[in-house]
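# Descriptive analysis of the structure
Take a look at the letters that make up each chain.
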Amino acid sequence: MQRRTFLKNSAAGTAGLVSSSVLASCGEANKSSKSVPQEIVNVRPIVICTWDFHNASAKAWEVLKDGGSSLDAVEMGVMVEEADIENQTVGVGGRPDRDGKVTLDACIMDKDGNCGAVLCMQNIAHPISVARKVMEETPHVMLAGKGAEQFALEQGFEKTDLLTEKSKQEWMEWKKTSKYQPIINIENHDTIGMLAIDQNGDIAGACTTSGMAYKLAGRVGDSPIIGAGLFVDNEIGGATATGVGEEVVRTVGSFLIVELMRQGKSPQEACEEGVKRIIEKNRDELDFQIGFIAINKKGETGGYCIQPGFTYRTFSKAGHVNNPSDSYITS
């Protein structure tokens, strides 16, 4: 069965299983949001992340304001969500695949273009830190599955049961029907991507997820794929994505956005074009969410998505702000 058909033919069986905390997060976002003044440029340090992950962006800002590197900031920022068992889309407590196994994906990229990633890794709580170890301690860019887990254990990471009782009970309830249909801004609320510029003006990025709930075993989306879920060019800027990863992979979305900024587009313009490229391939079936965020060397930021409801956090000297993203579909 083809992927789009697989998604479309499934009934909305997971809607009642979504945690109230995620729903509350999405609902609260628009009430308290305000836009960052666009005239603020050459801002450093600054951090931007997908969704209203205020604890993560606050942690990253703590690193940056004390003179820390953008690489340390993005790693430590997203680690907050990896450790939060109430966040069922990242790290410990993430919703499992249809076989009941929690598999994690992550990637990281530094100012020099070095990068590391882990895919479909089990039993390790902080895939972003393992990805950094892959980048710094191996000649490789990606490690997958059991190999990634073994590498993590050899590097001193502890083996952890990632399936919490809450996620287990929801999975067991889901198995009664086994119907799969990602819910816009909920099931697709699956990724934290983070970009930062430090006081030296250097850019780094990180992206981490447990992927789609109840996915086929072995499924990997865009999040750990350099150029798709994340891309950084220290001369230009960076971009990261959230949503249905298969669609981001098809357009190499984050790389595309950085290249558009290289050609002179603002982060906002580049994100809008990135979304439009995906729309062109799916005009008759826009029943999914994609959100992009981007930052350029001056510290200007942007975000754009297909469906209403996506937000992104920024933290700089201008303040800590949750920004509602403009969307292609407006109602």
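Residues numbered from 1 in each chain as written. Predicted model: local features only at pLDDT ≥ 70, side-chain atom pairs only at ≥ 80, totals over all residues. Heavy atoms only, no water.

### Here's the deal with the confidence of the model for the protein chain
For the protein chain, per-residue confidence averages 88 on the pLDDT scale, and 85% of positions sit at 70 or higher. Low pLDDT, under 50, characterises residues 1-40; the predicted model gives this stretch 69 contacts beyond four residues in sequence or across chains. (pLDDT = per-residue confidence, 0-100. Contact = heavy atoms within 4.5 Å.)

### Describing the sheet that holds strand β12 (residues 319-324)
Sheet strands pair by backbone hydrogen bonding; their relative direction is either parallel or antiparallel. With mixed pairing, eight strands are arranged side by side in an open sheet as β4-β3-β2-β6-β5-β1-β11-β12. In the strand order of this sheet, the two ends are held by β4 (142-144) and β12, each with one partner. Looking at each pair of strands side by side, their axes are set apart by 10° on average, direction ignored. Across five bridges, the pairing between strand β2 (residues 104-109) and strand β6 (residues 203-209) is antiparallel. Paired with aspartate 105 across the two strands is threonine 209, which belongs to β6. (Pairing = 2+ DSSP bridges. Helix = DSSP H or I, 4+ residues; strand = E, 2+ residues; numbered from the N terminus. Axes fitted to C-alpha atoms, helices over the stretch in contact; angles between N-to-C directions.)

### A look at helix α3 (residues 54-65)
The terminal C-alpha atoms of α3, which comprises twelve residues, lie 16 Å apart, in line with the 16 Å expected from a rise of 1.5 Å per residue. For α3, every residue scored as buried is listed here: Ala56, Ser57, Ala60, Trp61, Val63 and Leu64. The buried residues of α3 occupy an angular sector of 160° when projected down its axis, which confines them to one face. Looking at the packing, one finds that the buried side of α3 touches β1 (46-50), α4 (70-83), β5 (191-197), β11 (311-316) and β12. (Expected span 1.5 Å × (residues − 1). Buried < 20%, exposed > 50% of the residue type's maximum accessible area, 1.4 Å probe, protein only. Arc of directions from axis to C-beta.)

### Overview of the pattern of salt bridges
Here the structure, examined in full by the defined rule, presents 18 salt bridges. Of the charged contacts in the structure, one is a salt bridge between lysine 166 and glutamate 86, with a shortest N-O distance of 3.7 Å. One end of the pair, lysine 166, is in helix α7 (residues 165-174); the other, glutamate 86, is in the loop between α4 and β2, with 80 residues separating them in the sequence. Assessed through its relative accessible area of 34%, lysine 166 is described here as partly exposed. The shortest N-O distance in the salt bridge between arginine 250 and glutamate 247 comes to 2.9 Å. With arginine 250 and glutamate 247 both in helix α8 (residues 245-251) and three residues apart, the pair spans about one turn of that helix. Accessibility expressed as a relative area gives 1% for glutamate 247, which makes it buried. Here the residues in one salt-bridge network are Asp72, Glu75, Arg132 and Glu136, joined through shared partners. (Salt bridge = Lys/Arg side-chain N within 4 Å of Asp/Glu carboxyl O.)

### Here's the deal with empty space enclosed by the protein
Empty space among the atoms becomes apparent when a probe as large as a water molecule is rolled across them. A full pass over the atoms with the stated rule returns four cavities of 30 Å³ or more. Quantified by volume, the second largest cavity comes out at close to 40 Å³. Forming the boundary of the second largest cavity are ten residues, of which Thr209, Arg219, Gly221, Asp222 and Ser223 lie nearest the centre. Here the lining of the second largest cavity is composed, by residue class, of no nonpolar, six polar and four charged. (1 Å grid on protein atoms, 1.4 Å probe; cavity = no way out; pocket = protein on both sides within 12 Å on 5 of 7 lines; lining within 4 Å. Points joined across faces, edges and corners; volume = space filled by probe spheres on them. Nonpolar A, V, L, I, M, F, W, Y, C, P; charged D, E, K, R; others polar.)

### Regarding the packing of α3 against α4
Here α3 crosses α4 at 155°, and the two axes come no closer than 7 Å. Judged by the angle between their axes, α3 and α4 are roughly antiparallel. The two elements α3 and α4 cross, and the hand of that crossing is right-handed. Of α4, the residues touching α3 (which contributes Asn55, Ala56, Lys59, Ala60, Val63 and Leu64) are Ser70, Asp72, Ala73, Met76, Gly77, Val80 and Glu81. Among the residues making up the contact of α3 with α4, the classes are represented as seven nonpolar, three polar and three charged. (Parallel < 35°, antiparallel > 145°, perpendicular 65-115°, else oblique. Left-handed = near helix turned anticlockwise from the far one by under 90°.)

### A word on the packing of aromatic side chains
Within the structure shown, the criterion is met by five aromatic pairs. Their ring planes at 80° and their centres at 5.0 Å tell us that tryptophan 51 and phenylalanine 310 sit as a pair that is edge-to-face. Pair noted here: tryptophan 51 is in the loop between β1 and α3 and phenylalanine 310 is in the loop between β10 (301-305) and β11, with a separation of 259 residues, a long-range link. Judged by its relative accessible area of 1%, tryptophan 51 is buried. We classify phenylalanine 310 as buried; its relative accessible area is 1%. Seen in terms of ring centroids, tryptophan 174 and tyrosine 214 are 4.7 Å apart; in terms of plane orientation they differ by 15°. Their pairing is stacked. Here tyrosine 214 lies in the loop between β6 and β7 (230-233) and tryptophan 174 lies in helix α7, a separation of 40 residues in the sequence. The burial state of tryptophan 174 is the same as that of tyrosine 214; both residues are buried. Taken together, the ring pairs in this structure connect Trp51, Phe310 and Tyr312 into an aromatic cluster. (Phe/Tyr/Trp six-rings, centres within 6.5 Å; stacked < 30°, edge-to-face > 60°.)

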